[in-house]
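# Observations on the three-dimensional arrangement
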Amino acid sequence: MIAAVPRSGWHVAAVVEASPETPSARRLVLDVPTWPGNAAGQHLDVRLTAPDGYTATRSYSIASSGPGTRVVLAVDRLPGGEVSPFLVDEVRAGDEFEVHGPLGRFFVWHPIEPGERLADASADGPRPVQLIAGGSGVVPLVAIAAAHGAAHDPTPMRLLVSVRTPEDAFFGDDLADLARASDAFSLDYAYTRRAPDGWTGHVGRLTRDEVAAVVLPADDAPLVYVCGSTGFVERVASWLIELGHDARAIRTERFGGT
Amino acid sequence: MSFITRGFTGRGRDRDDRLPPGQTLARDFPVLSAGPTPEVDTDEWEFTIRTESGVEHTWDWQGLLDAGVEDVETDIHCVTHWSKLGTSWRGVPLDALFEEVETDAGYVMAHSYGGYTTNLPLEEVLDGQAWIAIDYDGEPLDPEHGGPARLLVPHLYFWKSAKWVRGLVLMEDDQPGFWEQYGYHNHGDPWREERYW
């Protein structure tokens, strides 16, 4: 029998803020009055309509979560793209477009509820969480880290972000604040082109050794969320398997080149 | 709903009658999977069809090839809005495998190495509509695209074309598969934009 699942729908979104996020990306804060709220890690579709009725639709991860009507996106400009250059370079506060969602119920994470601890002691228990992002793949993981922080969830959570340079880091200040505010959340960076001053670690494409050094060990049986380009996710996920992680505990989200 | 976005004129305009609504032409071949890529060797590969009465029909790699490989040229459509037109595949039509299978079931659940599942009406995987694909664009199918063998059901969104396919289980009643449980449409016709529930 078909499970009853709630339908998502189209909503009108108004741009409240549009601010530079990295040299190639922009953070958009949307107000969506009919938004039903979303879980951390979900995505939505943006639909733009031209005066002659032509439409273009693309999927974007959501950097926010919870029941409110504010929805935060961070869009990276794909050179030659049709929708992302418009969202990064053209859109301004007050503009409106349509969004469809929230979408996806697999690449999501929920903080533990108050009172859940006791029940969990006899069950699987809350599992530690390892988040791993390549570039703009950090966007849905920011939502997860923020939900963890807002809930004061004591479950250990660790985020590894691979970026080209320090300037390319999305939500850098927000993530640093989360790491300062909670002993349960820690943040690691890997730099592929240029590291900040004083950095003593490796600079170059992320390696298996780096991953092994900073991710929660397989013995802790963490849930692992990996998000980034296809090549990044393929490499990291295969290393995780080699490092003993259970394939069933690894969730991936990849973005292609369209 | 007609809803003009200020300043948006559209740059792609790659409209083509073969492109279903809401789809954009992809230049590359994006990969979408829920988890890590399983590595399956053709020496160990098996494909099983299990009927509603529990009868199992199993093919190994050579047995699959012996059932008759054919060329398939088709358009493919992903729920995440990309389509590719005129893609080239080689595969074994499910019709050839179902020649030996007796069933009155109306639905199949496709199962994959790695645990993925997706459900399909039986009548939509027969009569030249579905294949076990083993080559893409003249080369053996890459593991990240589902190699060594994936289901190919091009008239439905591509999540129905289960990668790393290992079997079909016939079902008298329909049940949702993996993405269908996570909010994707139960049927998935690109021309009717059956993307999500």
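All values reported here derive from a predicted model rather than from experimental measurement. (Residues numbered from 1 in each chain as written. Chains lettered and ligands numbered in written order. Predicted model: local features only at pLDDT ≥ 70, side-chain atom pairs only at ≥ 80, totals over all residues. Heavy atoms only, no water.)

Residues and elements named next belong to chain A. Ordered by their spatial adjacency, five strands build an open sheet running β9-β8-β7-β10-β11, and the pairing between neighbours is parallel. Since the sheet does not close on itself, it has two edges, and those belong to β9 (185-191) and β11 (250-255), each with one partner. Shown here is a sheet whose adjacent strand axes are inclined to one another by a mean of 10°, direction ignored. Pairing analysis gives seven bridges linking strand β8 (residues 157-163) to β9, with the strands arranged parallel. Its bridge partner being in β9, Leu-160 is matched across the sheet by Asp-188. Packed on one face of the sheet, helix α6 (residues 230-242) meets β7 (129-134), β8, β10 (223-229) and β11 and runs near 150° to β10. (Pairing = 2+ DSSP bridges. Helix = DSSP H or I, 4+ residues; strand = E, 2+ residues; numbered from the N terminus. Axes fitted to C-alpha atoms, helices over the stretch in contact; angles between N-to-C directions. Contact = heavy atoms within 4.5 Å.)

Quick look at the confidence of the model for chain B now. For residues with low pLDDT, the predicted coordinates do not support detailed interpretation. Looking at chain B, the pLDDT average stands at 92 and 96% of residues meet or exceed 70. Complex prediction metrics read pTM 0.85 and ipTM 0.76. (pLDDT = per-residue confidence, 0-100.)

To continue, consider the side chain of Thr-5 of chain B. Here Thr-5 of chain B shows up in the segment before β1 (24-25). Once you skip the residues sitting within four places of it in the chain, Thr-5 of chain B turns out to touch Arg-47, Leu-48, Thr-49, Phe-86, Glu-96 and Phe-97 of chain A.

Before going further, it helps to spend a moment on the pairing of strand β3 (residues 56-60) of chain B. All names here are of chain B. Along β3, the buried face is formed by His-57 and Trp-59; none of Glu-56, Thr-58 and Asp-60, which line the opposite face, is buried. Judged from the five bridges that link them, strand β2 (residues 46-50) and β3 form a sheet pairing that is antiparallel. Bridge pairing links Ile-49 to His-57 in β3. Following β2, the chain reverses through five residues before pairing antiparallel with β3; Gly-54 in that reversal takes a positive phi of roughly 90°. (Buried < 20%, exposed > 50% of the residue type's maximum accessible area, 1.4 Å probe, protein only.)

All names here are of chain A. Inspection of the secondary structure assignment puts Ala-50 in the loop between β3 (43-49) and β4 (55-61). Judged by relative accessible area, which is 0%, Ala-50 ranks as buried. Taking the C-alpha atoms as reference points, Ala-50 and Pro-79, 29 residues apart in sequence, are found 20 Å from one another.

Time to look at the interface of chain A and chain B. Facing 48 residues of chain A, the contacting portion of chain B comprises 40 residues. Taken over both partners, the interface formed by chain A and chain B buries close to 4000 Å², and the fraction arising from carbon and sulfur atoms is 58%. The tally of links from chain A across to chain B stands at one salt bridge. With a shortest N-O distance of 2.6 Å, Arg-6 of chain B and Asp-95 of chain A are connected by a salt bridge. Across the contact surface, chain A and chain B share nine residue pairs in polar contact (both at pLDDT 80 or more). Counting only elements with at least two residues in the side of chain A that touches chain B, the list comes to β3, β4, α1 (84-90), β6 (96-103), α6 and β11 of chain A. (Buried area = accessible area lost by both parts, 1.4 Å probe. Salt bridge = Lys/Arg side-chain N within 4 Å of Asp/Glu carboxyl O. Polar contact = N/O pair within 3.5 Å; in protein donor to acceptor, adjacent residues only side chain to side chain.)

All right, on to the packing of aromatic side chains then. Under the criterion given, the structure shown has 20 aromatic pairs over all chains. Both rings, one in Tyr-191 of chain A and one in Trp-199 of chain A, keep their centres 4.8 Å apart while their planes meet at 85°; by these two values the pair is edge-to-face. Looking at Tyr-191 of chain A, the relative accessible area reads 7%, which means it is buried. Ring geometry for Trp-45 of chain B against Phe-47 of chain B: centres 6.1 Å apart, planes inclined by 10°, an arrangement best described as stacked. In this structure, Trp-45 of chain B and Phe-47 of chain B share a single accessibility class: buried. Aromatic rings pair up to connect Phe-106 of chain A together with Tyr-116, Tyr-157, Trp-159, Phe-178, Trp-179, Tyr-182, Tyr-184 and Tyr-196 of chain B into one cluster. (Phe/Tyr/Trp six-rings, centres within 6.5 Å; stacked < 30°, edge-to-face > 60°.)

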